[in-house]
Structures are given as structure tokens and as C-alpha cells.
Amino acid sequence: MFDAKKLLDQFLGSQVPGLGGSVRDRAGDAVQTAKNNPLATGAIAAALLGTKTGRGIAGNALAIGGLAAIAGLGYQAYKNYQAGQAPAAPSDAPSANNPVLLPPPAESGFGPTSPAGSNEFVLVLIRAMIAAAKADGHIDDAERALIMDKVKAADVSGEAAAFIEHELASPTDIDALVAAAVTEEQCVELYTASRLTIEPDSRAERGYLDLLAGRLGLADQLVDHIEATVSSAKTTLSQ
């Protein structure tokens, strides 16, 4: 079995400016970016799988790793929800030059030291991200082929690439995703990973996230906190 945490880091790696537009529009740009700056290709998989582009995670998501980024955002939202705070306003968004994203405490139930940090559950998080990317129904056979070209350009190969290709081609099994999240913290992380992947501007995407939240049993106010925390952590990439 391949290292799921490494693959997740490649999904949420360094920001790659200039990859706006549709999957087709980004095809040539992504390949050229991979050739010119191999260190920046870690985020190409995420950039291509995200159905809404031109945005990335502010701060130090690359430095702390993909799993820690998801866990840190989920933990922050969960903590604020439990404290009865109001969801963060858009004006609270952090600056890319002022990193505020931190890994969750070891005893929090979030992140690498928790059940949510197992290789099996990290695979579930990646499946959830791919499912969210497919939610608007716009990834056809040709786009899947383009995505796989860029995944391979990002130095993802072997079992990991086969896993992504299989997930892209397979129908979304939301029952399996939900069943894999057995703790509330895992439910929060699964929804957070899904929300990180897309900007839900279409009814299909918004409907998918609402369905996922409902199936996970997340309280409406907790979902509002996750939505606000993820939105505040995203920053527009320079084009």
C-alpha cells in the first residue's frame, strides 16, 4: 500500500499561481509549471481536481502537511463551535504572509496522532476530495485523461496514480465515505477535506456538501463554522 499521507500532501501542497480556468484551460500551464518548477508541482493534483480554481490555502499548509492542514482547520472550527463563538467573518481571513494555520493538539482527536491519522482514513479523506471534485458532474473521460497526465507530471505514479484514476472513474459511494468516519472528529475532517476541494458555486456542489453534512450527522452550526473557517483560510492566488 502506498503512503496516503504523502499523497495527501501532494493534494494540498505548495500554491501554484497561474492555473486558473477549466481543467482543459489548465492543461498546458500545468505541464509547463511542472517542468519549470518541480518543487511547486505538489499542488497540481489539487488544482486540477478542484472544480473551482484560482484559490489556495493561505499560510503554511505546505509546511505542516496536508493532513495537519485539514486537521488544523477542522479542529479550529470544532473548537469555536463548542465555545459558542460566531463563525468567522470573511474579513477575518489570514494573510498569506502571516501564517496562522497550526496542527491540532495531540490530545484533540484530530490529526496524525489520532484515529483520523491512520493510513486507511487518510485514503478516505482523499476519496472524499475526489468525490467533491466530481460533484458538479463536469469531469468527463477526456478531462480524466488530462488530470492523470498532470498527476503523473506531479511525480505521482504506481499505486497512488492507479488509486486516483480508479476513484475518478468510479461512482461516488457516499455510504462508504460516511461509514468510514466513526468519530465526530473524523466526520469534521471528512467534511473539511471535501469543502477544501471545491468552491460550492453550483447547486450540484452545494447539494452534495449539504447531503454529506447531513449524512455525517454534523450540526448546522458546526457546518457553518467549518464553512467559515475554510473560507477564511483560502486566499486568492495571483494569476
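Residues numbered from 1 in each chain as written. Predicted model: local features only at pLDDT ≥ 70, side-chain atom pairs only at ≥ 80, totals over all residues. Heavy atoms only, no water.

Digging into the overall build of the protein
- Summing up its helical and strand segments, the protein has 12 helices and 2 strands in all.
- Every one of the 239 residues in the protein was classed for burial, and the buried ones make up 51%.
- Taking the contacts inside the protein whose residues are at least 6 apart along the sequence as the reference set, 85% of them involve residues at least 24 apart.
- Surface exposure of the protein reaches about 10,500 Å², of which carbon and sulfur atoms provide 51%. (Helix = DSSP H or I, 4+ residues; strand = E, 2+ residues; numbered from the N terminus. Buried < 20%, exposed > 50% of the residue type's maximum accessible area, 1.4 Å probe, protein only. Contact = heavy atoms within 4.5 Å. Areas by Shrake-Rupley, 256 points an atom, 1.4 Å probe, with all protein chains shown as cover.)

Section: the confidence of the model for the protein
- For the protein, the mean per-residue pLDDT works out to 74, and 66% of the residues sit at or above 70.
- Per-element confidence in the protein ranges from a low mean pLDDT of 42 for helix 2 (residues 23-36) to a high of 96 for helix 9 (residues 174-180).
- A low-confidence stretch, residues 58-62 (pLDDT under 50), is modelled with 16 contacts involving residues beyond four sequence positions or located in other chains. (pLDDT = per-residue confidence, 0-100.)

Some details on the environment of alanine 131
- Positionally, alanine 131 belongs in helix 6 (residues 119-133).
- With a relative accessible area of 5%, alanine 131 lands in the buried category.
- Between the C-alpha atom of alanine 131 and that of tyrosine 208, which follows or precedes it by 77 residues, the distance is 9.3 Å.
- With sequence-adjacent residues up to four places away left out, alanine 131 is seen in contact with Thr172, Leu177 and Tyr208.

Side note on the pattern of salt bridges
- One pass over the structure, following the stated rule, counts 7 salt bridges.
- A salt bridge links aspartate 175 to arginine 215, with the nearest nitrogen and oxygen atoms 2.5 Å apart. Residue aspartate 175 is located in helix 9, and its partner arginine 215 is located in helix 11 (residues 203-216); the two are separated by 40 residues in the primary sequence.
- Aspartate 175 gets classed as partly exposed once you look at its relative accessible area, which sits at 45%.
- Classification of arginine 215 as partly exposed rests on a relative accessible area of 37%.
- Among the ionic pairs, arginine 195 bridges to glutamate 199, the shortest N-O distance being 3.4 Å. For the pair arginine 195 and glutamate 199, one class covers both residues: buried. (Salt bridge = Lys/Arg side-chain N within 4 Å of Asp/Glu carboxyl O.)

Looking at helix 6
- In this model, helix 6 (15 residues) spans 21 Å end to end at C-alpha, consistent with the 21 Å of a helix rising 1.5 Å per residue.
- Along helix 6, 12 of the 15 residues are buried, which leaves the element largely enclosed by surrounding structure.
- Regarding helix 6, the residues found buried are Phe121, Val122, Leu123, Val124, Leu125, Ile126, Ala128, Met129, Ile130, Ala131, Ala132 and Ala133. (Expected span 1.5 Å × (residues − 1).)

Here's the deal with helix 12 (residues 220-233)
- Its 14 residues give helix 12 an end-to-end C-alpha distance of 20 Å, which sits within 8% of 20 Å, the value for a rise of 1.5 Å per residue.
- Restricting attention to buried positions, one finds in helix 12 the residues Leu222, Val223, His225, Ile226, Glu227, Ala228, Thr229, Val230, Ser232 and Ala233.

A word on the environment of isoleucine 198
- With respect to the element layout, isoleucine 198 can be found in the loop between helix 10 (184-197) and helix 11.
- It is 9.2 Å that separates the C-alpha atoms of isoleucine 198 and alanine 135, two residues lying 63 residues apart in sequence.

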